[in-house]
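# Observations on chain architecture
Take a look at the letters that make up each chain.
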Amino acid sequence: DYERQERAGLLTRAAAQELSLQRVKALRYGREGKDYFWVQDQTPRMIMHPYRPELDGQDLSSYRDPRGNRIFMEFAERVRRDRQGYVSYVWQWQDDATRLAPKESYVQGFAPGGWVVGTGMYVDDVRAQLEGIRGNLVRIILGIVILVGLVLVYLVLQSLRAERKRS
């Protein structure tokens, strides 16, 4: 929206980018409202990270996660190569810098700003959701099996009664 306003001459590039960053910084989603988006450039230099503002403006080309992956370089490379994609790494748990967890992030390029915009999901959250779905499916299938079993028992009993009457 702000980029379109810039092209229309309603905003300067600096104003459009600043307004965009403010909006993206405030975006939250997820069950607890703690999932977020960050913006970096291709250097990679962090432009905006809502939970790690100390990274803003920093060159992150040598930044490594606990596994040794240069994650911000991987984000930039994924966008350079494919314009978008997924990257696996380890990162702090939401707003708790003391807790680290495996994460899978999706990044996409925004060419007019030369930006890489990303967001991610914690692998443990996905596993927990899948376990919940699996548990629900098991209960549903078990309920259906019991219901079908009861209907079959009823039909067998009805058939036996009808057969006894006929005999």
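A brief look at the structure comes next.

How each quantity is defined
Residues take numbers from 1 onward in each chain, read along the sequence in its written order. Restriction of local features to residues with pLDDT of at least 70 applies here, the model being predicted, together with a cutoff of 80 or more for giving and counting side-chain atom pairs; totals for whole chains, interfaces and linings are based on all residues. Heavy atoms throughout the structure, all of them, feed into the side-chain values; hydrogens and water do not. The helix and strand labels rest on DSSP assignments: H or I over at least four residues marks a helix, E over at least two residues marks a strand, and numbering proceeds from the N terminus. Two things to know: the radius of gyration comes from C-alpha atoms, and the globule rule equals 2.2 Å times the number of residues to the power 0.38. Relative accessibility decides the category of a residue: with a 1.4 Å probe and only protein chains considered, values under 20% of the type maximum give buried, values over 50% give exposed, and everything between is partly exposed. Contacts between residues were defined by any pair of non-hydrogen atoms, one from each residue, lying within 4.5 Å. We treat Lys and Arg as the positive residues and Asp and Glu as the negative residues; His and chain ends play no part in the count. Throughout, a charge is located at the NZ atom of Lys, the CZ atom of Arg, the CG atom of Asp or the CD atom of Glu. Should a side-chain nitrogen of Lys or Arg be within 4 Å of a carboxyl oxygen of Asp or Glu, the pair is scored as a salt bridge. Two rings from Phe, Tyr or Trp (for Trp, the six-membered ring) form a pair when their centres are within 6.5 Å of each other. A pair whose planes differ by under 30 degrees is stacked, one over 60 is edge-to-face, and the rest are tilted. Two strands pair under a simple rule: DSSP has to find at least two bridges between them.

### Quick look at the overall build of the protein chain
For the protein chain, the count of helices and strands is four helices and five strands. Secondary structure elements in the protein chain, listed N-terminal to C-terminal, are α-α-β-β-α-β-β-β-α. Taking 2.2 N^0.38 as the reference for a compact globule, 167 residues should give roughly 15 Å; the C-alpha atoms of the protein chain span a radius of gyration of 27 Å, well beyond that estimate. Referenced to the eigenvectors of the C-alpha coordinate spread, the extents of the protein chain come out at roughly 95 × 45 × 30 Å. Looking at the 167 residues of the protein chain, the share that counts as buried comes to 27%. The long-range fraction of contacts in the protein chain, counting pairs at least 24 apart against all pairs at least 6 apart in sequence, stands at 40%. Across the protein chain, the 26 positively charged side chains and the 21 negatively charged ones have centroids separated by 9 Å.

### A look at the side chain of Lys-103
Residue position: Lys-103 is located in strand β4 (residues 96-110). At 6.2 Å, Asp-35 is the nearest oppositely charged side chain to Lys-103, a buried residue that forms no salt bridge. With residues near it in sequence (within four places) discarded, Lys-103 still touches Tyr-36, Val-87, Ser-88, Tyr-89, Trp-91, Gly-120, Met-121, Tyr-122 and Val-123.

### Concerning the packing of aromatic side chains
Summed over the entire model, instances satisfying the criterion amount to 12 aromatic pairs. Seen from their ring centres, Tyr-89 and Trp-91 are 6.4 Å apart, and the 70° between their planes marks the pair as edge-to-face. Take Tyr-89: its relative accessible area is 2%, and that puts it in the buried class. Between Trp-93 and Tyr-122, the aromatic rings sit 4.4 Å apart at their centres with planes inclined by 40°, giving tilted as the arrangement. Of this pair, Trp-93 sits in strand β3 (residues 84-93) while Tyr-122 sits in strand β5 (residues 115-122); the two residues are 29 residues apart in sequence, bridging distant segments of the chain.

### Brief notes about the pairing of β4
As defined by bridge partners, β3 adjoins β4 across 10 bridges and the pair is classed as antiparallel. Considered in β4, the bridge of Gln-84 is made with Gln-108. Following β3, the chain reverses through two residues before pairing antiparallel with β4; Gln-94 in that reversal takes a positive phi of roughly 45°. Bridging between β4 and β5 involves eight bridges; their strand directions are antiparallel. By the bridge assignment, Gly-109 is partnered in β5 with Val-116. The turn linking β4 back onto β5 is made up of four residues, and Gly-114 within it adopts a positive phi angle of 70°.

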